[in-house]
Amino acid sequence: MLKIKTAVLVSGGGTNLQALIDAEKNDLLETAEISLVISNKEGVLALERADKAGIKREVISKKEFPNQMDFEEKLNQILVENQIELIVLAGFMSILSGQFTDRYVGRIINIHPSLIPSFCGKGFYGLKVHEEALKYGVKITGATVHYVNETPDGGQIIMQKAVEILEDDSPKTLQQRVMKEAEHIILPQATEQVARRILKEREEK
Ligand code: GAR
């Protein structure tokens, strides 16, 4: 069967990447094929996960480029060389410009650890999101997979899953539960859903 070559962009632990790798292994990804992992940081656990799964990986560090445009040019070059049709941001801690996202409309998705539009946008990433949710006192949080456009966390929502906040939650325990109960479930599902849409559009052309 024809597959949609998918790149996963990471910056850290890569538990969401692992969820995608496991989903592919368990035949939960039928249409998306994880064919490339790109990290903007050397030495992160996500790269080890890619190696272990035998997935090609690249490191592109922003520091090596004079500006955002040159960094994104290199990123685009690698994606094109690898015939990537779908880009999954899985804990990728670098904001992409509108110039870049415009090249991939409907083909970049991101996982965010809250129910957008709560606790999202510039500055809301990683543990900070959960700290703010606890500070605010919301009783329900969760995760969102959305399309990526020029506005941080501003693209159309694809999938969401709610997670209950417990009385004794710390930012860390909440982060772990949101990952396990929401992110790692909806990211593979949304990836497959979008890959199917891309394949269908290609077949209709
Ligand atoms: C995840 O919780 C992801 O939702 C979050 O970073 C973590 C990465 O973990 N992303 C953001 O906050 C983006 N704004 P992982 O490397 O173990 O997948």
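These notes cover the structure that comes with them. Note that the coordinates shown come from a computational prediction; the quantities given were computed from them, not determined experimentally. (Residues numbered from 1 in each chain as written. Predicted model: local features only at pLDDT ≥ 70, side-chain atom pairs only at ≥ 80, totals over all residues. Heavy atoms only, no water.)

## Here we look at the sheet that holds strand β3 (residues 57–59)
Note on sheets: strands pair through backbone hydrogen bonds, and any given pair is parallel or antiparallel. Note the following rule: In this scheme, strands are said to pair when DSSP sees at least two bridges between them. Under the DSSP-based scheme used, a helix requires at least four consecutive residues in state H or I and a strand at least two consecutive residues in state E, with every element numbered from the N terminus. Under this scheme, a helix contributes an axis fitted over its contacting stretch, all axes are lines through C-alpha atoms, and angles between N-to-C directions fall in the 0 to 180 degree range.
Spatially, β3-β2-β1-β4-β5-β6-β7 is the arrangement adopted by the 7 strands of the open sheet, whose pairing is mixed. Each of the sheet's edge strands pairs with one partner strand only, and the pair in question is β3 and β7 (157–164). Each neighbouring strand pair of the sheet contributes to a mean axis angle of 20°, computed without reference to strand direction. Two elements, strand β1 (residues 4–10) and strand β4 (residues 86–89), share 4 bridges in a ladder whose sense is parallel.

## Considering the layout of surface pockets
Put simply, the rule is: With a 1 Å grid laid over protein atoms only, a set of points is called a cavity when a 1.4 Å probe fits there but cannot get out and a pocket when it is open yet has protein on both sides within 12 Å along at least five of seven lines; lining residues have an atom within 4 Å of a point. Grid points are joined across faces, edges and corners, and a volume is the space filled by probe spheres set on the points. Residues are grouped as follows: Ala, Val, Leu, Ile, Met, Phe, Trp, Tyr, Cys and Pro are nonpolar; Asp, Glu, Lys and Arg are charged; every other residue, Gly included, is polar.
Approximately 760 Å³ is the volume found for the largest pocket. Every residue lining the largest pocket is counted, 38 residues in all, and those nearest its centre are G91, F92, M93, N110 and Y125. Elements supplying a minimum of two residues to the lining of the largest pocket: α1 (15–25), β5 (108–112), β6 (140–147) and α6 (171–204). A breakdown of the residues in the lining of the largest pocket according to their chemical character gives 15 nonpolar, 18 polar and 5 charged.

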